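# Descriptive structure summary
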Amino acid sequence: MEKRFDALIIGCGPAGLSAALNLQIRKKSFLILGSKVCSPWLEKAERIDNYLGFPGINGTALRDLFLDHVKKMDISIQSEKVSSIYHLGDFFVAKSGTKEYESKAIIIATGVHIEKPLEGENDYLGRGVSYCATCDGPLYRDKKVALVDFTEEEGWEEATFLSEIVDKIFYYPVKGMKTRTPLSNMEVLQEKPLALEGKDDKLQALVLENSTVPVEGLFIIRETQRADVLLPGLETKQGAIVVDENMATNVPGAFAAGDCTGKPYQLAKAVGQGGIASLSAVSFLDSRRA
Ligand SMILES: Cc1cc2nc3c(=O)[nH]c(=O)nc-3n(C[C@H](O)[C@H](O)[C@H](O)COP(=O)(O)OP(=O)(O)OC[C@H]3O[C@@H](n4cnc5c(N)ncnc54)[C@H](O)[C@@H]3O)c2cc1C
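Since the model is a prediction, treat every value here as computed from it, not as a measurement.

## Digging into the site of the ligand
Not every one of the 33 residues close to the ligand is listed here, only the nearest: S35, S39, N50, V82 and D259. One of the backbone N or O atoms of V37 is found 3.4 Å from an oxygen atom in the ligand. Taken by itself the ligand offers 1000 Å² of open surface, and the protein chains cover 87% of this. Only α1 (14–25), β2 (30–34), α2 (40–44) and α7 (267–289) provide two or more residues apiece to the shell around the ligand. Broken down by element, the shell around the ligand gets its largest block of residues, four residues, from α2. Classifying every residue of the shell around the ligand by side-chain character gives 16 nonpolar, 11 polar and six charged.

Shown next, in the form of structure tokens:
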């Protein structure tokens, strides 16, 4: 277990990076955990015209300016995806693979989750459905599993890890196989997964467009996870984290910023909310010290 930080920031998009600035200025100990690409959304923006001071800038160029800014302030980003967060009384534990990080406050800046859940996904969550192969893969040793991959890279890494443990892995890369070669115990699915099927609370099969594959485990790897799954007990409305004007959520010490708090999905809002969330986290931390 690492030391207990004042705060953890989950997500390294504009909202998370903006939050990091105030925490650094206010001399709080914190860790920013994010994806390898900060952020896949910003990177996709070809031309941005509504971010003050940078008319017509390309998303990747703006992203590089953001990263350069945090680097100049001695803030480093840890490329680790958080699979779950637990609120344990007066502190939080964030799990990333086999690692755990503790903090007194948390800022969720994980962006928006746009993919529709598979039919039955929620029903089998924790009963066959998992969002983290590194965490739950060993439960399926020598069994048949499927992995639905919505990511550019991460899902393939998780599938490779799983293939070393399981009997057989059915792999569905939503964004295509690219130049990858299927692994020896891997079957690449050509049909789209639609639903989950099971009996007595146990997952038994993944239903495809025209067929069914028998599996005991289903791993769904997305760039961004549903916020209420990430932090159980977090209040959400239509998928967006409910926050007040201080970016405080219903969980004491947990703040949220950016696209994960709902529309509009815009940079200026993400950056502004990141700033507010971090100042609110500072007030929260200071009030607990008093
Ligand atoms: C094609 C396109 C064009 C756009 N054009 C514009 C525009 O012109 N103007 C404008 O204002 N906005 C535009 N946007 C929207 C803008 O990119 C978003 O509003 C902005 O990126 C939101 O920032 P964010 O930090 O809230 O989320 P994101 O940028 O999505 O960042 C969230 C980060 O958190 C990471 N993350 C998620 N879950 C976890 C986890 N569990 N653990 C660790 N890390 C995690 C993600 O991988 C990501 O890096 C555009 C978006 C797209 C896709």
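Moving on, there is more to tell.
## Observations concerning the UniProt feature "domain: FAD/NAD(P)-binding" (unreviewed entry) in the protein chain
The UniProt feature table records "domain: FAD/NAD(P)-binding" (unreviewed entry) at residues 6–144 and 232–274. The span residues 6–144 is 25% helix and 27% strand, and its two end C-alpha atoms sit 42 Å from each other. Secondary structure across residues 232–274 comprises 19% helix and 16% strand; the distance between its end C-alpha atoms is 22 Å.

## Structural notes on the pattern of salt bridges
Using the criterion set out here, one finds 22 salt bridges in the structure. We note a salt bridge from R26 to D286, for which the minimum N-O separation is 3.9 Å. Note that R26 is positioned in the loop between α1 and β2 and D286 in helix α7, a separation of 260 residues in sequence. Linking E121 and R222 is a salt bridge whose minimum nitrogen-to-oxygen distance equals 3.0 Å. Of this pair, E121 sits in the loop between β6 (99–108) and β7 (129–130) while R222 sits in the loop between β14 (217–221) and α6 (227–230); the two residues are 101 residues apart in sequence, bridging distant segments of the chain.

## Focus on the domain arrangement of the protein chain
It is common to give the size of an interface as the accessible area lost on bringing the parts into contact. For the protein chain, the assigned domains are domain 1 (4–114 + 224–289) and domain 2 (129–221). For domain 1 and domain 2, the distance between their C-alpha centres works out to 29 Å. On the domain 2 side, the residues contacting the seven residues of domain 1 number seven residues. When the two sides are added together, the surface that domain 1 and domain 2 hide from each other amounts to roughly 580 Å², 56% of it contributed by carbon and sulfur. Ranking the residues of domain 1 by area buried against domain 2 places K36, K81 and G97 at the top, with a combined share of 47%. Between domain 1 and domain 2 we count two salt bridges in total.

## Here's the deal with the pairing of strand β8 (residues 144–149)
Of all six residues making up β8, five are buried, and the element is well covered by its neighbours. Summarising the sheet, β8 and strand β9 (residues 168–173) pair through six bridges and their orientation is parallel. Across the sheet, the residue bridging to A146 is F170, located in β9. After leaving β8, the chain enters helix α5 (residues 154–163) and then returns to the sheet as β9, a path that is right-handed. The pairing of β8 with β14 spans five bridges and is parallel. Bridged to A146 within β14 is L218.

Each value, and the rule that gives it
Residues numbered from 1 in each chain as written. Predicted model: local features only at pLDDT ≥ 70, side-chain atom pairs only at ≥ 80, totals over all residues. Heavy atoms only, no water. Near = heavy atom within 4 Å. Polar contact = N/O pair within 3.5 Å; in protein donor to acceptor, adjacent residues only side chain to side chain. Areas by Shrake-Rupley, 256 points an atom, 1.4 Å probe, with all protein chains shown as cover. Helix = DSSP H or I, 4+ residues; strand = E, 2+ residues; numbered from the N terminus. Nonpolar A, V, L, I, M, F, W, Y, C, P; charged D, E, K, R; others polar. UniProt positions renumbered as here; feature names shortened; annotations may be inferred. Salt bridge = Lys/Arg side-chain N within 4 Å of Asp/Glu carboxyl O. Domains from an automatic or database assignment. Contact = heavy atoms within 4.5 Å. Buried area = accessible area lost by both parts, 1.4 Å probe. Buried < 20%, exposed > 50% of the residue type's maximum accessible area, 1.4 Å probe, protein only. Pairing = 2+ DSSP bridges. Right-handed = clockwise from strand over helix to strand, strands pointing away.

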